[in-house]
Amino acid sequence: EAGVAQSPRYKIIEKRQSVAFWCNPISGHATLYWYQQILGQGPKLLIQFQNNGVVDDSQLPKDRFSAERLKGVDSTLKIQPAKLEDSAVYLCASSLDTGLAGAGAKNIQYFGAGTRLSVL
Amino acid sequence: AQKITQTQPGMFVQEKEAVTLDCTYDTSDQSYGLFWYKQPSSGEMIFLIYQGSYDEQNATEGRYSLNFQKARKSANLVISASQLGDSAMYFCAMEGAGSYQLTFGKGTKLSVIP
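Residues numbered from 1 in each chain as written. Chains lettered and ligands numbered in written order. Predicted model: local features only at pLDDT ≥ 70, side-chain atom pairs only at ≥ 80, totals over all residues. Heavy atoms only, no water.

Colleague: Sorry if this is basic, but what is going on with the interface of chain A and chain B here?
Modeller: By a widespread convention, an interface's size corresponds to the accessible area lost as its parts come together. Contact with chain A, which involves 30 residues of that partner, is made by 28 residues of chain B. In total, chain A and chain B occlude about 2,100 Å² of area from one another, counting both sides; carbon and sulfur atoms represent 54% of this. Taken together, the connections running from chain A to chain B amount to 0 salt bridges. The interface formed by chain A and chain B contains 5 residue pairs in polar contact (both at pLDDT 80 or more). For the side of chain A that touches chain B, the leading source of residues is strand S4 (residues 31–37) of chain A, giving 4 residues. Here the side of chain A that touches chain B is built from residues that sort into 12 nonpolar, 14 polar and 4 charged. (Contact = heavy atoms within 4.5 Å. Buried area = accessible area lost by both parts, 1.4 Å probe. Salt bridge = Lys/Arg side-chain N within 4 Å of Asp/Glu carboxyl O. Polar contact = N/O pair within 3.5 Å; in protein donor to acceptor, adjacent residues only side chain to side chain. Helix = DSSP H or I, 4+ residues; strand = E, 2+ residues; numbered from the N terminus. Nonpolar A, V, L, I, M, F, W, Y, C, P; charged D, E, K, R; others polar.)

Structural data, given as C-alpha cells:
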C-alpha cells in the first residue's frame with residue numbers, strides 16, 4: 001500500500017514570495033491534515049479536511065495561508081506572501097474516518113515525509 | 001485544552017538495553033487516545049503505538065510498550081532491546097473526544113550508543 005506522498009521535499013524562497021505544497025493521501029482515507037513543524041517543536045495542526053470539506057482551520061493564518069482539497073483526494077497548501085517565520089517542515093497526514101474520536105477510535109494518522117521550507 | 005509534556009529533550013541508551021521515554025498529559029476529556037510517533041532524520045512521522053483511555057491493559061507492539069498510568073496522567077513509552085535504528089525523535093500525542101486532532105509534545109531525541 002502506497003503511503004502519503006508529498007512534494008516537493010525541499011523549497012527555498014525569499015520572503016514575500018509565494019509557495020505551494022502538494023499532498024496525496026493514502027487511497028481511501030477520508031481525512032487529511034496539514035501540520036506545521038517548527039525546528040525543535042512538535043507538529044502543530046494547520047487545517048483538517050474530511051473528504052473535500054474543512055473540519056477545522058482555526059490555527060491556519062488565513063491572511064497568508066490557504067489550502068484546498070478538490071475532489072476529496074489530493075490537497076495543496078499555499079503560502080502567499082511568505083514570511084521568515086514560516087520556515088518549517090510542512091507535514092501532510094491522512095486517516096480513515098472511523099466516525100469516532102477519543103478512546104477506542106484509534107484514528108491513526110499516517111504522515112508523509114514532509115516539505116522543508118526555508119524562507120530567506 | 002489538551003497539553004502534552006515531554007520533559008526529556010535528549011536521552012542516551014546502550015544498544016540492547018531498554019529505555020523509557022516520559023510523557024505526561026493534561027485533559028478534561030474522559031475519552032481520549034494517546035499515541036507515540038517516531039521521527040527519524042529523514043523527516044516522516046512513523047506511528048508506533050496507541051492507548052485508549054478506557055483500555056485496562058497497557059498497549060504493546062513488538063519491542064514497544066506503553067506504560068499507561070491514568071491517575072498520574074502519564075503514558076510513557078518503553079523500548080526494549082534498543083537498536084541503532086531506534087535513534088530518532090520520539091513524540092507523544094493525544095486525541096481528544098471532540099475531534100481527530102492530535103496535540104503533540106515537543107519530543108525526545110533518543111540516541112542509541114553501540
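Still more ground to cover, so stick around.
Colleague: Just checking my understanding: could you explain the pattern of salt bridges for this structure?
Modeller: Think of it this way: side chains of opposite charge can pair up when their charged atoms draw near. Within the structure shown, the criterion is met by 4 salt bridges over all chains. Between Arg64(A) and Asp86(A) there is a salt bridge, and its shortest N-O distance comes to 2.5 Å. Of this pair, Arg64(A) sits in the loop between strand S6 (53–56) and strand S7 (65–68) while Asp86(A) sits in the loop between strand S8 (75–79) and strand S9 (88–95); the two residues are 22 residues apart in sequence, bridging distant segments of the chain. Residue Arg64(A) shares its accessibility class with Asp86(A), and that shared class is buried. Between Asp26(B) and Lys73(B) there is a salt bridge; the shortest N-O distance is 3.6 Å. Of this pair, Asp26(B) sits in strand S4 (residues 24–26) while Lys73(B) sits in the loop between strand S8 (64–69) and strand S9 (74–79), and the two are 47 residues apart along the sequence. Of the residues examined, Asp26(B) reaches a relative accessible area of 42% and is grouped as partly exposed. (Buried < 20%, exposed > 50% of the residue type's maximum accessible area, 1.4 Å probe, protein only.)

Colleague: Could you clarify how one ought to interpret the pairing of S9(B) in this entry?
Modeller: If a strand is regular, its side chains alternate between the two faces of the sheet. All names here are of chain B. Taken across its 6 residues, S9 has 5 buried, putting it largely inside the fold. Summarising the sheet, strand S3 (residues 19–21) and S9 pair through 3 bridges and their orientation is antiparallel. By the bridge assignment for S9, Thr20 is matched with Val78. Examined bridge by bridge, S8 and S9 share 6 bridges and lie antiparallel to one another. By the bridge assignment for S9, Phe68 is matched with Ala75. The antiparallel hairpin formed by S8 and S9 contains 4 residues in its connecting segment, where Lys73 sits at a positive phi of about 55°. (Pairing = 2+ DSSP bridges.)

Colleague: Before we go on, may I ask you to explain the environment of Val4(A) in this structure?
Modeller: All names here are of chain A. As for its placement among the helices and strands, Val4 is situated in the segment before strand S1 (5–7). Given a relative accessible area of 13%, Val4 falls into the buried group. Contact partners of Val4, with chain neighbours within four places excluded, come to Cys23, Asn24, Pro25, Ile26, Cys92, Ser94, Tyr110, Phe111 and Gly112.

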